[in-house]
Amino acid sequence: MRKAIFWDFDGTLTRSYPMWTQTVLEAAAPFSGEYGITFDKLRPFLAKGFPWHPDGNPSVTGDDWWKDRVLKFTAAYQSFGVPENLAEKAASSVRERILDPKKYQVYPDASAALALCAYKGYKNYLLSDNFPELEGLLERLYLRQFFTACVVSGVVGLNKPNVKLFRKAELAASFPSMIWMVGDNPNADIAGAKSAGWHSVLVHREENNCGADLCCTTLTEVVRHL
């Protein structure tokens, strides 16, 4: 039997925190004080408009993905009164900042969990709503070697929980007979997997209120159940 596990990235393999808000704020450091830009004031602008949000454009890929982000971040800065040229320069610097591996905290049991799943006969795949360079970031986080392939929304132009993305993932894995999805998001990961007919694991959660097949507090626990 060919078995596959698709792993989410942010919040699943790495600890989740308001990284986009923090990074957009860091990019504005030269003028944030002058224009009154703070984390709390900036956060609402980053809670919408991404490709995976209802008001976002899920079809953008590659450089267009980032052009879409620059427009969004520039508009956020300008809402505080920042001149357009200054706002656009800061917005354009977010890309390099967000790709810095130092910003990511990999769960300490992630590598072992991925390796043990492979030992148990599963092929690991990444399935993430994220920027197009995510696969390269995995290399710098020393995780890429555990994955057979990566399916990233910023490359394929589809986002979870759209069942079409899960079908593309099945194709990337050559249609295995058993598929698990491991993720921390009840809607994107669990509801998406269920709509595709996959098994699902809700991870880093104490309660399973979304109908996942398994609920695990750690990645190590995931391995024990598979």
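Quick note: structure is the one above.
Cut-offs used in this document
Residues numbered from 1 in each chain as written. Predicted model: local features only at pLDDT ≥ 70, side-chain atom pairs only at ≥ 80, totals over all residues. Heavy atoms only, no water. Pairing = 2+ DSSP bridges. Helix = DSSP H or I, 4+ residues; strand = E, 2+ residues; numbered from the N terminus. Axes fitted to C-alpha atoms, helices over the stretch in contact; angles between N-to-C directions. Contact = heavy atoms within 4.5 Å. Buried < 20%, exposed > 50% of the residue type's maximum accessible area, 1.4 Å probe, protein only. Arc of directions from axis to C-beta. Polar contact = N/O pair within 3.5 Å; in protein donor to acceptor, adjacent residues only side chain to side chain. Core = buried A, V, L, I, M, F, W, Y, C linked by side-chain atoms within 4.5 Å.

Engineer: So what's going on with the sheet that holds strand β5 (residues 199–203)? Which residues, and what values?
Structural biologist: Pairing is parallel in the open sheet, where 6 strands are placed in the order β3-β2-β1-β4-β5-β6. Across the chains shown, the open sheet's two edge strands, defined by having one partner strand only, are β3 (149–152) and β6 (214–216). Sheet twist, expressed as the average angle between the axes of neighbouring strands with direction ignored, equals 25°. Relative to β3, strand β2 (residues 122–128) is paired through 4 bridges, and the arrangement is parallel. Pairing of leucine 127 across the sheet is with valine 151, part of β3. Contacting β1 (3–7) and β2, helix α7 (residues 110–119) crosses the sheet at an angle of about 135° to β2. Contacts between helix α10 (residues 163–172) and the sheet are confined to β1, β2, β3 and β4 (178–183), with β2 contributing the most and set at about 145° to the helix.

Engineer: Tell me about helix α11 (residues 186–196), and please be specific about residues and values.
Structural biologist: Of the positions making up α11, those classed as buried are Ala188, Asp189, Ile190, Gly192, Ala193 and Ala196. In an axial view of α11, the angular spread of the buried residues amounts to 165°, which keeps them on one side of the axis. Packed against the buried residues of α11 are α10, β4 and β5. For α11, the capping residue at the N-terminal end is asparagine 185, with a side-chain oxygen 2.9 Å from the backbone nitrogen of asparagine 187. Once α11 finishes, glycine 197 follows within two positions and takes phi at roughly 85°, a positive value.

Engineer: Describe the nonpolar core, listing the residues and the values that go with them.
Structural biologist: Membership of the largest hydrophobic core comes to 57 residues, with the highest contact counts inside it found for Trp7, Trp20, Ile37, Tyr77, Leu126 and Phe131. If near-sequence neighbours (up to four positions away) are discounted, phenylalanine 131 is found in contact with Trp20, Trp65, Trp66, Ile98, Leu99, Tyr104, Leu137, Val152 and Gly154. One finds Ala149, Phe166, Ala173 and Ala193 within the second-largest nonpolar core, a separate group that totals 16 residues.

Engineer: Which residues make up α10, and what are the values?
Structural biologist: When we look at burial in α10, the residues that qualify are Leu165, Phe166, Ala169 and Glu170. All buried residues of α10 project into a common sector of 150° when viewed along the axis, lining one side. Turned more than 90 degrees off the buried face of α10, the exposed positions are Lys164 and Leu171. For α10, the elements touching its buried residues are β1, β2, β3, α9 (153–156), β4 and α11. Measuring from the side-chain oxygen of the N-cap residue of α10 to the backbone nitrogen of lysine 164 gives 2.9 Å; that N-cap residue is asparagine 162. Backbone geometry just after α10 places serine 174 at a positive phi near 60°.

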